[in-house]
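# Descriptive analysis of the structure
Chain residues, written in single-letter form:
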Amino acid sequence: MLFDTHAHYYDQAFDGDRDAVLAALPESGVGLVLCPACDLESCRAAIQLAEAYPYVYAAVGIHPEDALGLPPDWLQQVEAMSRHPKVKAIGEIGLDYYWKEVPHDLQKEVFQAQLSLAQRLDLPVIVHDREAHGDCLSIVRAFPGARGVFHCYSGSAEDAKTLVALGWHLSFTGTITFKNARKGPEVVAAVPMERLMVETDAPYMAPVPFRGKRCDSRYVYRMAEAIGDIKGLPVEEVARITTENGKRLFGID
Ligand code: NI
């Protein structure tokens, strides 16, 4: 059984067939899905999906790209939603220096506020780090009680080892299957299996040979195969270990 630890099923890309896709997952070998939010609206949407499907869980939080124009009580709203029994993490939160609209200082402020909330609530976090590796690392270092996963990990093997030593997990999307993938395989080779997870980031990042298509959790076996190739393990073993890792991190029985 596979655990897709990061899929955005509230995305409009699924408006035509969301229920059909989600209902078909268990028979395709995907037994658990975690749906992270990006803004207050998607927090509510992720919770609704988690209420509708026993194998879907949610995370609530504000993505760095959505940090502009938040209402004054945004953090209280996130906290209130995090009390829902199917909310298992704060996310996705972090820094994104690729998109230029949101000032870095505001991104950092929103990230730090949510790390502090997660620490207080004893919830794991899902970190989005795009072209902000140095700042993300120094911020999470300042929260030694925080734990969680760097999703769609794109940093160096050296930073990966530092994060693992600090107790963090790393997860990989379809980019790990790309022919020109170099850094990802290096990172996977350098990090113990006990800290790795797989994810689709659906509807984005479809793996080879589905590149360019809308991505959904059925494709997550490809990420497990790619990790298995690097680690010299059968896909079933990668599926078992990454699922256990995700259940342990997010506190799912
Ligand atoms: Ni995402």
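Our subject is the structure listed above.
Fair warning: this is a prediction, and the values are worked out from it, not measured in the lab.

## What to know about the packing of aromatic side chains
Applying the stated criterion across every chain, the model contains seven aromatic pairs. The interplanar angle of 65° and the centroid separation of 6.2 Å between the aromatic rings of phenylalanine 3 and phenylalanine 250 together place this pair among those described as edge-to-face. Highlighted residues: phenylalanine 3 in strand S1 (residues 2-4) and phenylalanine 250 in helix H9 (residues 235-250), separated in sequence by 247 residues. Since its relative accessible area comes to 0%, phenylalanine 3 is described here as buried. With 3.9 Å between their ring centres and 0° between their planes, phenylalanine 210 and tyrosine 219 make a pair best called stacked. Taking NZ or CZ as reference, arginine 130 lies 3.7 Å from the ring centre of tyrosine 98, over its face.

## Here's the deal with helix H8 (residues 220-231)
The end-to-end C-alpha distance of H8 is 17 Å, a good match for the 16 Å that twelve residues give at a rise of 1.5 Å each. Of all the residues in H8, the buried ones are Val220, Arg222, Met223, Ala224, Ala226, Ile227 and Gly228. Tucked inside the fold, the buried residues of H8 contact S1, strand S2 (30-36), strand S7 (169-172), helix H7 (183-190), strand S8 (196-198) and H9. Of the residues one or two after H8, glycine 232 is the one with positive phi, at around 70°.

## Overview of the pairing of S7
Here S7 shows two buried faces, one formed by His169 and Ser171 and the other by Leu170 and Phe172. In terms of handedness, the path from strand S6 (residues 148-151) via helix H6 (residues 157-165) over to S7 forms a crossover that is right-handed. Bridge analysis of S7 against S8 gives three bridges, and the strand direction is parallel. Among the inter-strand pairings, leucine 170 is bridged to a residue of S8, identified as leucine 196. Handedness of the crossover is the feature at issue here: the chain leaves S7, passes through H7, returns alongside S8, and the resulting connection is right-handed.

## Examining the side chain of glutamate 79
Positionally, glutamate 79 belongs in helix H3 (residues 74-82). Within polar-contact distance, the side chain of glutamate 79 engages the side chain of arginine 83 at 2.6 Å. Setting aside residues no more than four positions away along its own chain, glutamate 79 makes contact with Leu117, Arg120 and Leu121.

## Considering the layout of surface pockets
Put simply, the largest pocket is a space of about 1100 Å³. If you trace the largest pocket, you find 38 residues lining it, with His128, Arg130, Cys152, Asp201 and Met205 closest to the centre. Elements with a minimum of two residues in the lining of the largest pocket: helix H2 (40-52), strand S4 (87-96), strand S5 (125-130) and H7. With four residues, the top contributor of residues to the lining of the largest pocket is H7.

## Quick word on the coordination of the nickel ion
By definition of the ideal shapes, four donors in a tetrahedron about a metal sit 109.5 degrees apart, and six donors in an octahedron sit 90 or 180 degrees apart. Every protein donor of the nickel ion is accounted for by His6 (NE2), His8 (NE2), Glu92 (OE) and Asp201 (OD), and the metal-donor separations fall at 2.1 to 2.4 Å. Considering all four donor atoms around the nickel ion, angles at the metal cover 84 to 170° and the coordination shape is irregular. Given the relative accessible area of 4%, histidine 8 is considered buried. Look at aspartate 201 and you get buried, because its relative accessible area is 9%.

Reading guide: rules and limits
- Residues numbered from 1 in each chain as written.
- Predicted model: local features only at pLDDT ≥ 70, side-chain atom pairs only at ≥ 80, totals over all residues.
- Heavy atoms only, no water.
- Phe/Tyr/Trp six-rings, centres within 6.5 Å; stacked < 30°, edge-to-face > 60°.
- Helix = DSSP H or I, 4+ residues; strand = E, 2+ residues; numbered from the N terminus.
- Buried < 20%, exposed > 50% of the residue type's maximum accessible area, 1.4 Å probe, protein only.
- Lys NZ or Arg CZ within 6 Å of the ring centre and 35° of its normal.
- Expected span 1.5 Å × (residues − 1).
- Contact = heavy atoms within 4.5 Å.
- Right-handed = clockwise from strand over helix to strand, strands pointing away.
- Pairing = 2+ DSSP bridges.
- Polar contact = N/O pair within 3.5 Å; in protein donor to acceptor, adjacent residues only side chain to side chain.
- 1 Å grid on protein atoms, 1.4 Å probe; cavity = no way out; pocket = protein on both sides within 12 Å on 5 of 7 lines; lining within 4 Å.
- Points joined across faces, edges and corners; volume = space filled by probe spheres on them.
- Donors = N, O, S within 2.8 Å, 3.2 Å for Na, K, Ca; no water.
- Tetrahedral: all angles 85-135°; square planar, octahedral: opposite > 155°, others 65-115°.

By themselves these figures say nothing about function.
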